[in-house]
Amino acid sequence: MIRLIITADDELYDRLAHRAQVEGDTPQRADNALDGLEQAIAESPGLIVIDMALRSADTLLETLHSRRETTSIPLLAVTAGGRLPFELHRLCASVLEVETL
Amino acid sequence: MTHIVRNATRVLRGVFIFRLFIAVFVIGVFAVRWSVRATPEAFEATPFVGLLMLPALATMFFLFLPGLEERMGRFYLPVALVMTILVFSLESGVAYIRPGVRILVTLPSGGGISLFWASTEMILFTLIPCVLAGAAYGLRGAVKAATLATVLHLLLGVVTWLYGVPLVGFLVLLPLRIAVLYVFPLITGYLADTWRQEHVALEKANRQLRGYAATVEHLATSRERVRLARDMHDTLAHSLSAVVVQLEAVNALQETDPAAARAQLDKVGWQARAGLDEARRAILNLRSAPVEELGLAGAIEQLVERFGQRNGLLTDWAVEGEPVPLLPVQANALYRTAEEALANVERHAEANRLAVRLSYTDGVTLCVQDDGQGFDPVTVDPARYGLVGIRERAALIDAQVTVDSAPNEGTTLTVHIAEPWED
């Protein structure tokens, strides 16, 4: 089964591809949302893994879910949690403080 | 399925209780109050009655022994059905072999009531477990039960013949009885199979619906997380970075140039307040789903109105044509494109006027126009103005993006969906 991994992050792709191979799937990569959509339509993969840090990931998710060719393909959204920039972590902490304003 | 089997077992017990009640009622009431007269044939039939009582008692224990149903599980009902069919078939058989056994209690009126009710009409009782087999196990169960009852019935005919009883009466009614034994269970089995298939289809549809609901929920959650991250990056990150840089400048100036440090502190205060405003706006955005609540036009109108209030720009908002229904994915993408376009105007354009138009003529078109400083699309890196994201988002929903801009002549961004997707 083809497992389409849509991410611009090389390291994240390597980790996800390794995981796919261990589980007996064939990893295939798209490094942007448009390529991801095209490959999803052309290849009909068994699973699509989307890096949520990808630009337009939200619209890509909705599009894959809406289009007839891809609506039945399971989608898995992932984030490279521990590898998010420090600044973003700090900002997330700030959000909690802002909520109390 | 489990409910049907459980209820079939209850019905079977009910029928057996009904049968026992009749026997006990006859013995307990009629035998005491009226004279009892057994025919010689009845005494001759005693071995047969004994033969009948043994499986009847066994069936009674099987049906009412506590805990047996739980221990036997799915095998309980088939065994119960077989035993019940056997008992009722034997009872009707006694009537064939010794018809006189039917008259055990004689009423004052001269009429008689059967103690064991061992009549050929017991075939009607045999019908009940056959019908229950059809209800619980469908057509296959009905066929098996009816066949068992028929075979037993034919065996009784053979035994009757061996006892020298003329078979005329038996053979005349045999086709009718066999027809009855098959027809009703088959009808019940067919209906049960149909119901079961519909039930399975309904279960499948329910599972799919639960799956869709989970996916939609997952999508909504993912979208909100992405929006949160983007808003944080576009608003708080910029403000806080500026505050940090300015505070470092204050630190450097406070000893050498206190007046400049105070001026810088004023800037820090202004920047912090601006950041606070942005944070509040981001929270406001997070707490709402504008396209779902207001529709695409209403959501963009609200966006433009808030943008004008926040930035002090003259804004012009217009909707042209009769609105056409858009799939949520296209409506949401257009709304987010409008958000990104307005953010670009706020950050880069230094504009005084903003015009936003949503047109439903010849497809759907979103147009964002400002009178700001503009840029040269040929020489300026599109990524710098967030245009790559806008183009990518547009391409995902089959929309075309055009950017018309020149230095000091403002910018016009147009997103056009020629053929809205159908649901």
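Residues numbered from 1 in each chain as written. Chains lettered and ligands numbered in written order. Predicted model: local features only at pLDDT ≥ 70, side-chain atom pairs only at ≥ 80, totals over all residues.

1. Details of the overall build of chain B
The following threshold applies: Each helix corresponds to a stretch of at least 4 residues labelled H or I by DSSP, and each strand to a stretch of at least 2 residues labelled E; elements are numbered beginning at the N terminus. Buried residues are those with 20 or more other C-beta atoms within 10 Å of their own C-beta, exposed residues have 12 or fewer, and partly exposed residues lie in between; C-beta atoms are placed from the backbone. Two residues form a contact once the distance between their C-beta atoms, set from the backbone, is within 7 Å.
Assigned secondary structure in chain B consists of 11 helices and seven strands. For chain B, with 423 residues in total, the buried portion stands at 30%. Across chain B, every contact between residues at least 6 apart in sequence was considered, and the portion connecting residues at least 24 apart equals 75%.

2. Quick word on the overall build of chain A
Tallying secondary structure elements over chain A gives four helices and four strands in all. Helices and strands in chain A line up, N terminus first, as β-α-β-α-β-α-β-α. Counted over contacts in chain A with a minimum sequence separation of 6, partners at least 24 positions apart contribute 64%.

3. Considering the sheet that holds strand β5 (residues 364–370) of chain B
All names here are of chain B. Our working rule: Following DSSP output, two strands are said to pair if at least two bridges run between them. Here an angle of 0 to 180 degrees is reported between the N-to-C directions of two axes, which are lines fitted to C-alpha atoms, with helices fitted over the stretch in contact.
Within the open sheet, the five strands sit side by side as β3-β4-β5-β7-β6. Their pairing is mixed. The sheet terminates laterally at β3 (314–320) and β6 (400–405), the two strands that pair on one side only. Recorded for the sheet is a direction-independent mean angle of 10 degrees between the axes of neighbouring strands. Sheet topology note: the β3/strand β4 (residues 353–359) ladder contains seven bridges and is parallel. Its bridge partner lying in β4, A318 is registered against R357.

4. Here we look at the sheet that holds strand β1 (residues 2–6) of chain A
All names here are of chain A. Read across the sheet, four strands follow the order β2-β1-β3-β4 without closing on themselves; strand pairing throughout is parallel. Each having just a single partner strand, β2 (26–30) and β4 (75–78) make up the two edges of the open sheet. Averaged over neighbouring strand pairs, the angle between their axes works out to 20 degrees when direction is ignored. Against the sheet, helix α1 (residues 10–22) engages β1, β2 and β3 (47–51), with an angle of about 155 degrees to β2. Contacts from helix α3 (residues 57–66) reach β3 and β4 within the one sheet, and its direction differs from that of β3 by about 160 degrees.

5. As for the environment of D371 of chain B
All names here are of chain B. With respect to the helices, strands and loops of the structure, D371 is situated in the loop between β5 and α11 (387–396). Each C-alpha atom, one on D371 and one on V345, is 9.5 Å from the other, the two residues being 26 residues apart in sequence. Not counting residues within four places of it along the chain, the set of residues in contact with D371 comprises A351, N352, R353 and G410.

6. With respect to unusual backbone geometry
Despite not being glycine, S56 of chain A has its phi angle at roughly 65 degrees, a positive value. With respect to the helices, strands and loops of the structure, S56 of chain A is situated in the loop between β3 and α3. Positioned with a positive phi, N408 of chain B is a non-glycine residue whose angle comes to about 65 degrees.

7. Some points on the nonpolar core
Counted only if it meets this: Linking buried Ala, Val, Leu, Ile, Met, Phe, Trp, Tyr and Cys residues through C-beta atoms within 7 Å yields a set, and such a set is a nonpolar core.
Ranked by internal contacts, the top residues of the largest apolar core, which has 54 residues, are I6 and I50 of chain A together with A338 of chain B. Sort the elements by how many residues they give to this core and helix α10 (residues 328–349) of chain B lands first, with nine residues. Discounting chain neighbours no more than four positions away, the residues touching I6 of chain A are A30, A33, G36, I48, V49, I50, D51 and L54 of chain A. Core analysis: the second largest hydrophobic core is formed by 31 residues, A80, I85, C130 and Y137 of chain B among them.

8. Concerning the packing of helix α2 (residues 33–43) of chain A against α3 of chain A
Angle between the axes and distance between the axes are the two parameters that describe a pair of packed helices. Residues and elements named next belong to chain A. Condition: Here the angle decides the label: under 35 degrees means roughly parallel, over 145 means roughly antiparallel, 65 to 115 means roughly perpendicular, and every other value means oblique. Crossing handedness is defined as follows: a turn of the near helix away from the far one that is anticlockwise and smaller than a right angle gives a left-handed crossing, while the clockwise case is right-handed.
Relative to each other, α2 and α3 sit at 15 degrees, their axes nearing to 10 Å. The angle between α2 and α3 falls in the class roughly parallel. For α2 against α3, the interelement crossing comes out right-handed. Facing A33, G36, L37 and A40 of α2, the residues of α3 in contact are A57, L60, T63 and L64.

9. Quick look at the environment of T9 of chain B
All names here are of chain B. With respect to the secondary-structure elements, T9 resides in helix α1 (residues 2–33). Distance from T9 to P78, taken between C-alpha atoms, is 9.6 Å for residues 69 residues apart in sequence. Discounting residues that sit within four places of it in the chain, T9 has contacts with E69, Y76, L77 and A80.

10. What about the packing of α2 of chain A against α11 of chain B?
Put simply, the test is: The classification used treats Ala, Val, Leu, Ile, Met, Phe, Trp, Tyr, Cys and Pro as nonpolar, Asp, Glu, Lys and Arg as charged, and all other residues, Gly among them, as polar.
At a minimum axis separation of 9 Å, α2 of chain A and α11 of chain B run at an interaxial angle of 20 degrees. Here α2 of chain A lies roughly parallel to α11 of chain B, going by the angle between them. Between α2 of chain A and α11 of chain B lies a crossing of left-handed hand. Between α2 of chain A and α11 of chain B, the residues in contact are A33, L34 and L37 of chain A and E392, A395 and L396 of chain B, respectively. Here the residues of the contact of α2 of chain A with α11 of chain B are counted per class, giving five nonpolar, no polar and one charged.

11. What to know about α10 of chain B
Residues and elements named next belong to chain B. Stated precisely, the cut-off is as follows: Expected span of a helix, by definition, is 1.5 Å for each gap between consecutive residues, and there is one gap fewer than residues.
Over its 22 residues, α10 runs 30 Å from end to end, which matches the ideal 32 Å to within 8%, given 1.5 Å per residue. For α10, the buried fraction is high: 16 of the 22 residues fall into the buried class. Where α10 terminates, the next one or two residues include E350, which has phi positive at roughly 50 degrees.

12. Side note on the confidence of the model for chain B
For clarity, the cut-off: Confidence of the predictor at the level of single residues is captured by pLDDT, which takes values from 0 to 100.
Summary statistics for chain B give a mean pLDDT of 80 and a share of 80% for residues scoring 70 or more. In the model, residues 100–105 of chain B has pLDDT below 50 throughout and makes 31 contacts with residues more than four positions away in sequence or in other chains.

13. Concerning the pairing of strand β7 (residues 411–417) of chain B
Residue and element names in this part refer to chain B. Taking every second residue as pointing to the same face, the buried face of β7 carries T411, L413, V415 and I417, while none of T412, T414 and H416 on the other face is buried. Here β5 pairs with β7 via seven bridges, running antiparallel. Each residue of the ladder has a partner; that of C367, found in β7, is T414. Relative to β7, β6 runs antiparallel, the two sharing six bridges. Residue pairing for β7: D404 is matched across the bridge by T412. In textbook terms, the turn of a hairpin is the stretch between consecutive antiparallel strands, and for β6 and β7 this stretch comprises five residues, one of which, N408, has a positive phi near 65 degrees.

14. Concerning α3 of chain A
The buried fraction of α3 of chain A is high, at eight of 10 residues. All of the buried residues in α3 of chain A are A57, D58, T59, L60, L61, E62, T63 and L64 of chain A.

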